[in-house]
Amino acid sequence: QVQLMESGGGLVQTGESLRLSCAASGSAFSLRNMGWYRQAPGKQRELVARISSGGTTNYADDVKGRFTISRDNAEYTVYLQMNSLKPEDTGVYYCYADRLGANYWGQGTQVTVSS
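Throughout what follows, the structure given in this document is the object of discussion.

Procedures and definitions
Residues numbered from 1 in each chain as written. Predicted model: local features only at pLDDT ≥ 70, side-chain atom pairs only at ≥ 80, totals over all residues. Heavy atoms only, no water. Core = buried A, V, L, I, M, F, W, Y, C linked by side-chain atoms within 4.5 Å. Buried < 20%, exposed > 50% of the residue type's maximum accessible area, 1.4 Å probe, protein only. Helix = DSSP H or I, 4+ residues; strand = E, 2+ residues; numbered from the N terminus. Phe/Tyr/Trp six-rings, centres within 6.5 Å; stacked < 30°, edge-to-face > 60°. Lys NZ or Arg CZ within 6 Å of the ring centre and 35° of its normal. Pairing = 2+ DSSP bridges. Axes fitted to C-alpha atoms, helices over the stretch in contact; angles between N-to-C directions.

Digging into the nonpolar core
Among the nonpolar cores identified, the biggest contains 28 residues, and Trp-36, Leu-80, Met-82 and Tyr-93 are the most heavily contacted of them. The biggest single contributor to this core is strand 3 (residues 18-26), with four residues.

In structure tokens, the structure reads:
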């Protein structure tokens, strides 16, 4: 079993930055992809960014150039650096990880960007 613990959310103004962290514990040694999803009020959960164990990254189109995902495999931790934040980035951000046959989710951290 794997547990994911997010931190770093909060309330910021348009144009400011936040850094989210997600630490995996438990049987984290075999994790493949790790990433971040977000869910805005009244909307479905959507992918924000994802990084493979080898470092390959994918981003949602609306965050390209503003967000950067990184990963520390030794510490089983994934980060999301969010710059130039916009009100439409507001939502609950969920950490995600997977390995063969299993997906894992964190409890979510709120990010609110005021205009």
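Examining the packing of aromatic side chains
In total, this model carries three aromatic pairs according to the counting rule given. Pairing Tyr-37 with Trp-105 gives two aromatic rings, centres 5.0 Å apart and planes at 70°, and the pair type is edge-to-face. You can see Tyr-37 sitting in strand 4 (residues 34-39) and its partner Trp-105 sitting in strand 10 (residues 102-105), a full 68 residues away along the chain. The exposure class of Trp-105 is partly exposed, given its relative accessible area of 38%. An aromatic cluster of at least three residues, connected via ring pairs, comprises Tyr-37, Tyr-96 and Trp-105. The lysine or arginine in question, Arg-19, covers the ring of Tyr-79, its NZ or CZ lying 4.1 Å from the ring centre. Here the guanidinium or amino end of Arg-45 rests over the ring plane of Trp-105, the centre of that ring lying 4.7 Å away.

Brief notes about the sheet that holds strand 8 (residues 77-82)
Strands sit in the order 1-3-8-7 across an open sheet of four strands; the sheet is antiparallel. With partners counted over all chains shown, the strands left at the sheet margins are strand 1 (2-7) and strand 7 (67-72), one partner each. For this sheet, the mean angle separating the axes of adjacent strands, direction not counted, is 15°.

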